[in-house]
Amino acid sequence: MRPWRLIGALCWAFFLSSASHAQILVVGDSIGAGYGVPEQANWVSLLDAELSQHKVINASISGDTSSGAKARLPALLDHFAPELVIIEIGGNDGLRGQPVALLKQNLNDMIDLAEAHGADVLLLGMQIPPNYGRTYTEAFHAVYHQVARERQILLLPFLLDGIALNPSLMQADRIHPNEQAQPKILQNVLPLVRQSIKNRSD
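This structure is a prediction, so every number in the text was calculated from the model and none was measured.

1. Remarks on the overall build of the protein
Helices and strands together make up the secondary structure of the protein, namely eight helices and five strands. If you list the helices and strands of the protein from N to C, you get α-β-α-α-β-α-β-α-α-β-α-β-α. Taking 2.2 N^0.38 as the reference for a compact globule, 202 residues should give roughly 17 Å; the C-alpha atoms of the protein span a radius of gyration of 18 Å, in line with that estimate. In terms of principal-axis extent, the alpha carbons of the protein reach across some 75 × 35 × 25 Å. With 202 residues in all, the protein has 44% of them scored as buried. For the protein, the share of sequence-separated contacts (at least 6 apart) that also reach a separation of at least 24 residues comes to 77%. Accessible surface for the protein amounts to roughly 10300 Å². Of this, 57% is attributable to carbon and sulfur atoms. Between the averaged position of the 15 positive side-chain charges in the protein and that of its 19 negative side-chain charges there is a distance of 6 Å.

What follows is the structure, encoded as structure tokens:
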């Protein structure tokens, strides 16, 4: 093979290899941070291990709200330059009874920031206990669907589907999933993460 052809082939191979590696940024609260769970057993760590050809960065902080996550996001985007941003936020907004309109605005602002940096977005929906009143709990859950529909992004309707109502998969506070629940959370999230990566490469 002539030298220039060899160089061209090597450059093309490097391009294909680079294109197959994605930076995935998870911005969340205690569910993403793995509150009460060993770090290596947290679903985000399991996602990183499952997607070995990609890099998953966990920027979740226990107790964070959508306002806090929005404030942190610009620096995270600048530093990591992710191709995919997974937004797992809002549970603490609901538990504190914050206005649903504020949550919706913050989610939209985070999507704006991510897309302005060239990243795709996957939104993970959350629900809150019914003791907050039917009107509020339904409006809270619906906001994730509204944002996903209006922004045409992928949505996992409820991150803890099949988990939240199973006491054996929840910690004593009945808010945080335990270690046994983490692989189940991964299975809820993984198909949409794979779809997001595929959509970007198509």
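2. Topic: the packing of helix H4 (residues 66-80) against helix H6 (residues 100-116)
Following both chains from N to C, one finds H4 and H6 inclined at 5°, their axes separated by 9 Å at the closest point. As the angle between them shows, H4 and H6 are arranged roughly parallel. Side by side, H4 and H6 meet where Ser66, Ser67, Ala69, Lys70, Leu73, Pro74 and Leu77 of the first sit next to Leu102, Leu103, Asn106, Asp109, Met110, Leu113 and Ala114 of the second. The residue makeup of the contact of H4 with H6, split by class, is nine nonpolar, three polar and two charged.

3. Some points on the pattern of salt bridges
In this structure the tally under the stated criterion is nine salt bridges. Measuring nitrogen to oxygen at the nearest pair gives 3.1 Å for the salt bridge that ties Glu50 to Arg194. Residue Glu50 is found in helix H3 (residues 43-50), and its partner Arg194 is found in helix H8 (residues 182-201); the two are separated by 144 residues along the sequence. Where Arg134 meets Glu138, a salt bridge forms, and the shortest distance between an N and an O atom there is 2.8 Å. Of this pair, Arg134 and Glu138 are both found in helix H7 (residues 134-151), four residues apart, which corresponds to roughly one turn of the helix. Arg134 sits in the exposed class, given a relative accessible area of 64%.

4. A look at the side chain of His54
Its place among the elements puts His54 in the loop between H3 and strand S2 (55-58). Side chain to side chain, His54 and Gln53 meet in a polar contact 3.4 Å long.

5. Here's the deal with the packing of H3 against H8
If you want to describe how two helices pack, look at the angle between their axes and the distance between the axes. Where H3 contacts H8, the two axes come as close as 9 Å, and the packing angle between them is 50°. Accordingly, the angle class assigned to the pair H3 and H8 is oblique. The handedness of the crossing between H3 and H8 is right-handed. Between H3 and H8, the contacting residues are Trp43, Leu46, Leu47 and Glu50 on the first element and Gln182, Pro183, Ile185, Leu186, Val189, Leu190, Val193 and Arg194 on the second.

6. Brief notes about the packing of aromatic side chains
Under the defined criterion, the tally for this structure stands at two aromatic pairs. Arranged with centres 5.7 Å apart and planes meeting at 75°, the rings of Phe140 and Tyr144 form a pair that is edge-to-face. Of this pair, Phe140 and Tyr144 both sit in helix H7, separated by four residues, roughly a single helical turn. Looking at Phe140, the relative accessible area reads 1%, which means it is buried.

Reading the values: the criteria
Residues numbered from 1 in each chain as written. Predicted model: local features only at pLDDT ≥ 70, side-chain atom pairs only at ≥ 80, totals over all residues. Heavy atoms only, no water. Helix = DSSP H or I, 4+ residues; strand = E, 2+ residues; numbered from the N terminus. Rg over C-alpha atoms; globule rule 2.2 N^0.38 Å. Buried < 20%, exposed > 50% of the residue type's maximum accessible area, 1.4 Å probe, protein only. Contact = heavy atoms within 4.5 Å. Areas by Shrake-Rupley, 256 points an atom, 1.4 Å probe, with all protein chains shown as cover. Lys, Arg positive; Asp, Glu negative; His and termini not counted. Charge placed at Lys NZ, Arg CZ, Asp CG, Glu CD. Axes fitted to C-alpha atoms, helices over the stretch in contact; angles between N-to-C directions. Parallel < 35°, antiparallel > 145°, perpendicular 65-115°, else oblique. Nonpolar A, V, L, I, M, F, W, Y, C, P; charged D, E, K, R; others polar. Salt bridge = Lys/Arg side-chain N within 4 Å of Asp/Glu carboxyl O. Polar contact = N/O pair within 3.5 Å; in protein donor to acceptor, adjacent residues only side chain to side chain. Left-handed = near helix turned anticlockwise from the far one by under 90°. Phe/Tyr/Trp six-rings, centres within 6.5 Å; stacked < 30°, edge-to-face > 60°.

So, to be careful, I would describe these as geometric facts and stop short of saying anything about function.
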